[in-house]
Structure formats: C-alpha cells, structure tokens
Amino acid sequence: MMPWRENALTHGYKSSAAFPIKVFGKTIGAFMLYSSETFFFDGDEVKLFDEMVMDISFALEKSETEKKINVAEIKLLKSEKRFNKLVTELNDIVWTASLDGTEIVDVNNSIETVCGITVDEFKTNPKLWLEMVHPDDRHTAEASSKELLENGKNQAEYRIIKPDGSVVWLLDIKTLIFNEEGIPVQRGGIVKDITTRKLAEQGLIIANAELTIQNEEKEKRAVELVIANAELAFQNEEKEKRAAELLVAIEKAGEMNRLKSNFLANMSNELRTPLIGINGYADFLRKDIVEPELKEMAETIFISGNRLTETINLILDLSKFESEKVEFNYQNVDIVNETGNIINLFKEAARKKSIDLQSAFSQPSIFCHTDEQAFRSVLNNLVNNAIKYTYEGCVAVNLSQNSTSVEIKVTDTGIGIPKEFHEIIFDEFRQVSEGLNRNFEGTGIGLNVTKRIVEKFNGEVSVESESGRGSTFTVKLPFIDKSENKGKETVIEEALTVEIIEQKSVKPLGLLVDDDPFIYPLLRRYITKQVNLENAKDGESAIKLCMQKQYDIVFMDINLRRGLDGTEVTQIIRKIKGYESIPIIATTAYAMDGDKEEFIAAGCSHYMSKPFSQKDALDLLEEIQNNLRKELIC
C-alpha cells in the first residue's frame with residue numbers, strides 16, 4: 001500500500017483528492033486533500049483544484065525559465081485567491097485557528113448559514129462556539145478538542161442550538177496544521193450540517209422498533225413454515241438430483257457437439273482434398289476418352305464424385321444452419337440466367353432417363369437482390385429431386401414475376417408423394433422411403449436446407465403431390481428490383497475488357513502452394529490458357545520463390561502438413577515488396593462456418609473450397625480480372 005494512502009487511512013480519512021504538480025512534464029509533487037467521508041469531493045471542486053494545480057505548475061515553469069520570482073508569486077497569489085474563493089463558496093464551514101483555539105485565523109461565510117452567527121461574531125468570541133453546543137452534547141465537544149491535541153486529529157458529531165432556537169446536528173472534523181519542521185502551529189477543520197441524515201436515522205430507529213414487532217409475528221409464522229419447508233426440502237433434493245443429471249446430460253451434449261464439429265471439419269478436409277483429383281480427372285477423361293466402355297466408366301466416376309461432393313456440401317450447409325451462423329452475400333442476380341445454367345447441368349441426367357427437361361419464363365430477365373450461391377442451391381435441390389424420382393414423362397421449371405414476388409415452380413411426372421408425408425419431407429434426414437428397404441439414394445437433407453434458405457429469404461416453399469401423380473414444388477420469394485443501371489454497367493465492363501486485352505496479352509504467372517502432388521497438374525490443366533502456373537510443395541519453398549520472382553497470383557493451401565501453415569506463409573509473403581496487394585486465393589478443404597472469414601482475415605484476398613471444378617477456377621479468375629479492371633477505371 002502506498003505510504004500516503006496508509007497514512008490517510010490511519011488518520012481516518014475515506015476520501016482524498018490528489019493533483020500532480022508537474023514542471024516541464026516531470027512530476028515534482030502533489031497537492032493532496034483528505035476527508036473522512038466517502039466521495040467527499042464533487043466534480044466542481046475537483047475541477048477548481050485541478051485548475052489551481054495547473055496554475056501552480058505553470059508558475060513554477062515560468063519561474064524556472066524567466067528566473068523572475070515576482071511572476072511566480074503573482075501566479076501563486078492568483079491560485080490562493082481561487083482556493084479562497086472555493087473555500088468561501090463551500091456549503092460546509094472551513095476554519096483555521098491558533099494552536100490553543102483562542103484566536104480564529106479564518107472562517108468562511110458558511111458559518112452564517114449553518115450556525116446562524118456572523119464571521120465577525122465568531123472571530124470576536126471564539127468561545128461562542130462551545131456556548132452554542134447542546135448541553136447534552138457539551139462533553140462530546142470538549143472531549144473532541146482534547147483528543148485533537150493528543151492525536152493530531154478528531155471527528156465528532158454533536159448538536160448546537162442556533163440563536164433562533166433551532167437545533168442542528170454537526171459533523172466536526174478537526175486536525176492540527178504542521179509547519180515544515182513538523183511542529184504543530186495551528187488547528188483547522190471542516191464542519192458539515194448532518195441534520196437531515198440524523199433525522200433519517202431517528203426515523204429508522206422508530207421504523208426498526210415497528211419492524212421488531214412485525215418480526216416477532218413473522219417468527220411465529222416461521223415456525224409454522226418449518227414443517228412446510230421440510231417437505232419442500234425433500235422435493236428440492238429430488239429436483240437437485242434431476243438438475244445434476246440434466247447438467248451432466250447438457251455437458252455431454254456440449255462435448256458431443258464439439259466432437260461433431262471437429263469430426264465435420266476433419267471429414268471436410270479429408271474428403272474434399274481427394275475429391276478434387278477424382279472429380280477433376282474424371283471430368284477430363286469423360287470428355288477425352290473415345291472408347292465407349294471406358295468413357296462410361298469415367299462418366300460414372302464423375303457422377304459418383306459429384307454425388308459425394310453434393311452430400312458433403314449439404315451436411316455442411318445443415319451444420320451452418322444449426323449453428324445459426326449462415327450469412328448471405330446479396331447482389332443483383334438474373335435468376336432466369338441462373339435457372340438456365342442449372343437446367344443445362346441436368347440435361348445429360350435427364351437424357352439418360354429419357355425425361356423431357358423443360359423451362360418457361362414469364363420474361364427474358366428477372367433480376368432479384370439475393371444470394372447467388374444460395375439460389376443455385378435451392379433450384380439445384382428441387383431439379384435434382386424431380387429427375388431422381390421421375391422415370392418417364394417430363395420435368396418442367398417455370399419462373400414468373402409480379403410486383404411483389406417471384407414464383408418458381410418445379411413440376412415432375414414422377415412417383416409423387418402421399419399427403420401424409422408432405423410435412424416430414426422437409427425435416428432433416430427424412431424421406432418417404434426410409435430404413436433398410438429405402439428405394440432411393442440421398443441423405444434426406446436437400447429439402448430441409450432448401451426450406452431453411454427460402455425462409456431466410458423471407459419466402460416460403462410448398463408442395464402439391466399425390467402418390468403416382470407427380471409433384472409440384474413451389475417457391476415464392478419477395479421481389480426487390482435492384483437492377484437499375486444494369487445495362488450501363490455491362491457496357492462499361494465490355495468496353496473495359498477490350499481495352500485490357502489490348503494492353504496485356506501475356507499470360508500472368510501464378511504459384512500453387514500445396515503439398516498434395518495431384519493438385520498441381522490438375523489446376524495447371526484447368527487454367528493453362530489463363531495462367532502460367534508453377535508449384536511449391538511447402539511454405540518455405542513458396543517464400544523463397546516469391547523472393548526470387550514476381551508472381552501475379554498465388555493459390556494457397558492452408559493445411560501444408562509440415563512446417564508453416566498456409567495462413568503463416570500468406571502473412572510472410574504479404575511483407576515481401578510487390579506482394580502487398582496481389583491476389584492470394586485460399587484453396588483449401590476447410591469449408592466449415594467461419595473458415596473463409598478466418599483465412600481472409602489472415603491476408604488471403606479470395607477463397608475457393610476443395611473440391612473445385614474447372615468452372616469454379618475460371619470463374620474466380622474472371623472475377624479477379626474484372627475487379628482489376630474496375631480499379632483501373634477508378
């Protein structure tokens with residue numbers, strides 16, 4: 001404990017105000033005020049004392065620089081005047097007297113308000129104070145003066161009778177005033193009017209007496225309650241046992257949830273990484289192989305890989321919804337164009353089942369302010385289910401728009417859904433055909449994710465179906481037209497595209513940082529027309545290459561198995577001259593909620609989750625080029 005604080009507590013003080021005195025930024029002392037009451041000094045007093053100390057500091061600095069003692073004395077005099085003004089305006093009595101108390105040195109005007117006597121009357125007759133003390137409290141006042149001389153300080157409460165006959169309670173706080181040699185030369189103190197507090201205390205005494213009577217009655221009732229409490233105690237013991245069991249169950253559930261999250265994160269990484277090789281090479285093989293049997297094998301591998309990818313994505317989407325951390329990236333989307341793209345993806349699957357895949361739109365373009373990826377997921381799930389459960393006939397997708405909503409209908413001529421199953425098909429992991437004898441593949445997650453996405457859009461999804469008569473799934477989304485100046489932006493971008501191509505025809509140089517030996521040849525083949533790609537198998541090699549040459553784009557895996565991880569490598573590369581703002585794409589199998597944000601915060605500019613297709617890679621490169629063009633315009 002600080003010496004000054006310990007000393008203050010020893011003297012019975014409970015409030016203090018300290019103002020450092022500084023000369024040229026160096027603290028040379030402090031101005032201290034003490035009070036035996038808590039929170040004694042209010043804001044105005046502190047402000048005035050602070051101004052006073054600042055003036056003292058200024059005076060000392062002036063004295064040091066100009067060596068003019070008279071200037072410092074003037075400043076100190078002003079401070080003393082301000083101090084005197086503060087003391088004069090206080091509601092409490094502030095006084096100083098000779099050591100023996102026979103001569104009043106100074107007293108403020110508050111004595112007139114508190115005690116009903118003038119300053120002159122008190123200075124003329126210092127004994128007047130003791131004469132005003134209530135006879136029953138005179139011994140307290142006399143003992144207070146005696147204790148002051150013995151201990152150097154004292155605090156007492158007593159009553160005085162004012163000249164008008166009214167009685168006032170006072171809190172008298174006194175202390176001896178010492179010179180520089182530590183010899184007492186004066187006495188002084190502060191006197192506060194505490195009449196209001198004392199009256200309140202007396203009121204409490206009466207109230208406490210009444211409460212005592214009431215408590216006696218309550219004690220009688222308490223005896224009656226003992227028996228009832230005994231019964232309640234027994235019931236509470238039972239409840240505590242149940243609560244303890246529930247707490248164990250909650251902790252177990254929390255641990256299971258944590259294990260589930262870790263499991264999903266690990267499975268996401270372990271399954272997505274090899275899938276990029278499976279899907280990527282299967283895609284190339286099914287396009288390049290001519291021999292029918294081998295081509296069919298490659299096609300089967302590609303379809304199976306995509307099915308597994310779709311299942312992983314649905315499970316991760318469901319996990320995000322359960323954690324309530326789904327975020328959408330809203331933008332202007334031509335849902336007619338997006339619907340056409342989705343239908344093109346399913347044409348081959350429909351052809352193999354001899355199903356007629358149709359589409360109809362109420363107008364050529366319908367722009368909505370929505371999340372493009374989420375919209376694709378909704379339509380993809382509905383069209384995929386329609387084709388899956390249809391053996392003959394057709395699947396039709398219809399889009400229409402009015403002033404308030406956009407309606408999407410996916411109709412099929414498939415097996416249909418009995419009415420009693422219309423509700424459960426939107427629950428997670430539920431299908432009409434379930435158990436060991438289920439008739440169709442799938443996880444039962446797609447419609448649940450679809451419903452959650454649509455509801456996030458403040459829309460609704462419904463189904464009309466009967467067994468054996470096909471199904472119609474209808475999605476209604478609120479229509480918000482944000483397509484103004486869309487054409488103008490497109491014209492600017494097209495004009496800029498021509499200009500940029502004319503300015504730079506040399507392919508940019510890219511670097512892939514990935515420990516998986518299958519990723520580099522696949523990605524290089526994906527983007528061979530757009531980027532000259534080089535490879536680094538670990539973080540240290542990547543850093544060395546970046547210090548030796550200037551790359552235009554970096555594809556960064558996050559889990560590099562050994563040494564530095566991808567985020568650490570990214571942060572180091574960002575510090576290399578010329579790499580402060582180049583595109584660094586996190587190409588990773590970590591795709592759980594929050595992963596993308598973590599990698600962007602670590603320094604990556606873009607994110608592409610594994611397994612990614614050639615279209616994913618090319619679309620991202622096009623996005624990066626478009627952003628660069630816009631920056632050039634600005």
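Residues numbered from 1 in each chain as written. Predicted model: local features only at pLDDT ≥ 70, side-chain atom pairs only at ≥ 80, totals over all residues. Heavy atoms only, no water.

## With respect to the overall build of the protein chain
For the record, the criterion: Where helices and strands are cited, they refer to DSSP runs of H or I of at least four residues and of E of at least two residues respectively, numbered from the N terminus. Burial classification: accessible surface area is computed with a 1.4 Å probe over protein chains only, and a residue below 20% of its type maximum counts as buried, one above 50% as exposed, and the rest as partly exposed. Any two residues whose heavy atoms approach within 4.5 Å at even a single point are treated as in contact. Methods summary: accessible areas were calculated by the Shrake-Rupley approach with a probe of 1.4 Å, and residue burial reflects only the protein chains presented.
Of regular secondary structure, the protein chain possesses 18 helices and 19 strands. Considering the protein chain as a whole, with its 634 residues, one finds that 38% of them fall into the buried category. Within the protein chain, contacts between residues separated by at least 24 positions form 60% of all contacts whose residues are at least 6 apart in sequence. When the accessible surface of the protein chain is split by element, carbon and sulfur atoms take 54% of a total near 37,500 Å².

## Some thoughts on the sheet that holds strand β19 (residues 606-609)
This is how the line gets drawn: Should DSSP find at least two bridges between two strands, the strands are regarded as paired. Convention adopted: a line fitted to C-alpha atoms gives each axis, helices being fitted over their contacting stretch, and angles between N-to-C directions are expressed from 0 to 180 degrees.
In spatial order, the strands read β16-β15-β17-β18-β19; together these five strands make up an open sheet with parallel pairing. Of all the strands in the sheet, the pair left with one neighbour each is β16 (532-536) and β19. Averaged over all pairs of adjacent strands, the angle between their axes in this sheet comes to 20°, without regard to strand direction. With three bridges joining them, strand β17 (residues 553-556) and strand β18 (residues 584-588) adopt parallel strand pairing. Following the sheet pairing, Val554 is matched in β18 by Ile584.

## Digging into helix α11 (residues 372-388)
What sets the pattern is the α-helix's 3.6 residues per turn: residues three or four places apart point alike. Here is the rule we go by: Between the first and last residue of a helix there are one fewer steps than residues, each counted as 1.5 Å, and that sum is the expected span. Any pair of nitrogen or oxygen atoms within 3.5 Å is treated as a polar contact; in protein, a donor-acceptor pairing is required on top of that, and neighbouring residues in sequence qualify only through side-chain atoms on both sides.
With 17 residues, α11 extends 24 Å between its outermost C-alpha atoms, agreeing within 8% with the 24 Å of an ideal straight helix rising 1.5 Å per residue. Extensive coverage of α11 is indicated by the burial of 14 of its 17 residues. Sitting at the amino-terminal end of α11 is Asp371, which places a side-chain oxygen 2.7 Å from the backbone nitrogen of Ala374.

## Observations concerning the pairing of β16
This is how the line gets drawn: For crossovers, right-handed means that the path from the first strand over the helix to the second runs clockwise, given strands pointing away from the viewer.
The pairing of strand β15 (residues 509-513) with β16 spans five bridges and is classified as parallel. Looking across to β16, one finds that Val513 is bridged to Ala536. A crossover connection joins β15 to the parallel β16 through helix α14 (residues 519-526); in handedness this β-α-β unit is right-handed.

## What about the environment of Thr38?
Mapping Thr38 onto the fold places it in the loop between β2 (26-35) and α2 (43-66). Assessed through its relative accessible area of 49%, Thr38 is described here as partly exposed. Sequence separation between Thr38 and Ser15 is 23 residues; the distance between their C-alpha atoms is 5.0 Å. Look past the residues within four positions of Thr38 in its chain and what remains in contact with it is Lys14 and Ser15.

## Details of the pattern of salt bridges
It is possible for side chains of opposite charge to pair when their charged atoms get near one another. Definition in use: Salt bridge criterion: a side-chain nitrogen from Lys or Arg within 4 Å of a carboxyl oxygen from Asp or Glu.
In this structure the tally under the stated criterion is 20 salt bridges. Between Lys192 and Asp92 there is a salt bridge, with its nearest N and O atoms 2.9 Å apart. Of this pair, Lys192 sits in strand β7 (residues 184-193) while Asp92 sits in the loop between α3 (69-89) and β3 (93-98); the two residues are 100 residues apart in sequence, bridging distant segments of the chain. Assessed through its relative accessible area of 14%, Asp92 is described here as buried. For the salt bridge of Glu157 with Arg197, the shortest nitrogen-to-oxygen distance reads 2.5 Å. Taken together, the residues Glu157 in strand β5 (residues 153-161) and Arg197 in helix α8 (residues 195-288) connect sequence positions 40 residues apart. Judged by its relative accessible area of 28%, Glu157 falls in the partly exposed class. Owing to a relative accessible area of 37%, Arg197 belongs among the partly exposed residues under this scheme. A single salt-bridge network, built from bridges that share partners, covers Glu157, Arg197, Lys198 and Glu201.

## Details of the sheet that holds β7
Note: strands within a sheet are paired through backbone hydrogen bonds, in either parallel or antiparallel orientation. An order of β4-β3-β7-β6-β5 is seen for the five strands of this open sheet, with the pairing classed as antiparallel. Each edge of the open sheet is held by one strand with a lone partner, namely β4 (104-107) and β5. Mean inter-strand twist for the sheet, computed between neighbouring axes without regard to direction, equals 25°. Relative to β4, β3 runs antiparallel, the two being bridged by three bridges. Each bridged residue has a counterpart across the sheet, and for Trp95 the counterpart in β4 is Val107. Against the sheet, helix α7 (residues 138-151) touches β5, β6 (167-178) and β7, its axis set at about 160° to β5.

## A short note on the nonpolar core
Note on soluble globular proteins: their nonpolar side chains tend to be buried together. To be explicit about the condition: Buried Ala, Val, Leu, Ile, Met, Phe, Trp, Tyr and Cys residues form a nonpolar core when they are joined through side-chain atoms within 4.5 Å.
Residues Ile335, Leu379, Ile408, Phe473 and Val475 are the most contacted members of the largest nonpolar core, which totals 40 residues. Among the elements of the structure, α10 (335-352), α11, β11 (394-401), β12 (405-412), α12 (446-456), β13 (460-465) and β14 (471-478) are those that each provide at least two residues to this core. Considering each element in turn, this core owes the most residues, eight residues, to α11. The contacts of Val475, once residues within four sequence positions are left out, are Val378, Leu382, Val406, Glu407, Ile408, Val454, Glu460 and Val461.

## Section: the confidence of the model for the protein chain
Condition: You can read pLDDT as the predictor saying how much it trusts each residue, on a scale of 0 to 100.
The pLDDT averaged across the protein chain works out to 79; a share of 80% of its residues lies at or above 70. Taking the mean pLDDT of every element in the protein chain, the minimum, 37, falls on helix α13 (residues 486-503) and the maximum, 95, on β17. Segment residues 429-443 is flagged for pLDDT under 50; beyond a separation of four residues in sequence, or across chains, it makes 33 contacts in the model. Here residues 483-505 is modelled with pLDDT under 50, and outside its nearest four sequence neighbours on either side it reaches 13 contacts, counting other chains as well.

## Examining the packing of α10 against α11
The line we're drawing: Each helix crossing is assigned a hand: it is left-handed if the near helix lies turned anticlockwise from the far helix by less than a right angle, otherwise right-handed if that turn is clockwise. Under the scheme applied, nonpolar residues are Ala, Val, Leu, Ile, Met, Phe, Trp, Tyr, Cys and Pro; charged residues are Asp, Glu, Lys and Arg; polar residues are all the others, including Gly.
Two numbers describe how α10 lies on α11: the axes approach to 10 Å, and their chain directions differ by 35°. Pair α10 / α11 crosses with right-handed handedness. Residues Ile335, Glu338, Thr339, Ile342, Phe346, Ala349 and Ala350 of α10 form the contact with α11, whose participating residues are Glu372, Phe375, Arg376, Leu379, Asn380, Val383, Asn384 and Ile387. Across the contact of α10 with α11, the residue classes break down as nine nonpolar, three polar and three charged.

## Concerning the packing of α11 against α12
Contact pair α11 / α12: the axes reach a minimum separation of 9 Å and the direction vectors enclose 145°. The hand of the α11/α12 crossing is left-handed. Here α11 contributes Ala374, Ser377, Val378, Asn381, Leu382 and Asn385 to the contact with α12, which in turn contributes Gly446, Leu447, Thr450, Ile453 and Val454. Per-class residue counts for the contact of α11 with α12 are six nonpolar, five polar and no charged.

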